[in-house]
Amino acid sequence: MYYNQYPYSIFNQSMLATYSTILVEQQRELQHEAEQEDNILKMRRAIADYCDAAKKVTPDYHESAMWNCLEEIVGQMMKG
């Protein structure tokens, strides 16, 4: 079979290579979007878990909980 003859010759090889590159880039972008959406969902779940746990802390431990949470926030800020 001769790919440089009609009807195969209608496909420009450089155009096919460009199209292939575009498809790969689109796939990367879709993967990046999916990862970001997953990270956002994890953040939301973490906040829900925090709120659930905070509701269970008795008043005697509110101050300790606050200081521990502030310590974690500062520690995370120091990591950058």
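Below you will find a few notes about this structure.

Criteria and thresholds
Residues numbered from 1 in each chain as written. Predicted model: local features only at pLDDT ≥ 70, side-chain atom pairs only at ≥ 80, totals over all residues. Heavy atoms only, no water. Salt bridge = Lys/Arg side-chain N within 4 Å of Asp/Glu carboxyl O. Helix = DSSP H or I, 4+ residues; strand = E, 2+ residues; numbered from the N terminus. Buried < 20%, exposed > 50% of the residue type's maximum accessible area, 1.4 Å probe, protein only. Patch = residues over 30% accessible without salt bridge, like charges linked within 9 Å, V, L, I, M, F, W, Y side chains within 5 Å. Areas by Shrake-Rupley, 256 points an atom, 1.4 Å probe, with all protein chains shown as cover. Disulfide = S-S within 2.5 Å.

### With respect to the pattern of salt bridges
Thought 1: One pass over the full model with this rule turns up two salt bridges.
Thought 2: Note that Glu25 is salt-bridged to Arg28, the shortest N-O span being 3.6 Å. Residue Glu25 and its partner Arg28 are located together in helix α1 (residues 13-56), separated by three residues, close to a single helical turn.
Thought 3: When its relative accessible area of 36% is taken as the criterion, Glu25 is described as partly exposed.
Thought 4: When the shortest N-O distance is used, the salt bridge between Asp38 and Lys42 registers 3.5 Å. Note that Asp38 and Lys42 are positioned in helix α1 at a spacing of four residues, about one turn of the helix.
Thought 5: The exposure class assigned to Asp38 is partly exposed, which follows from its relative accessible area of 36%.
Thought 6: Given a relative accessible area of 49%, Lys42 falls into the partly exposed group.

### Notes on a nonpolar patch on the surface
Thought 1: Side chains of Met66, Trp67, Leu70, Ile73 and Met77 sit close together on the surface and give an oily, nonpolar patch of about 550 Å² of accessible area.
Thought 2: Tracing the backbone shows Trp67 in helix α2 (residues 62-79).

### Digging into the state of the cysteines
Structurally, a disulfide amounts to a covalent bond that connects the sulfur atoms of two cysteines.
Thought 1: Within this structure, the stated rule accounts for zero disulfides.
Thought 2: Of the cysteine sulfurs around Cys51, a residue in no disulfide, the closest is that of Cys69, at 11 Å.
Thought 3: Its relative accessible area of 34% is what places Cys51 among the partly exposed residues.

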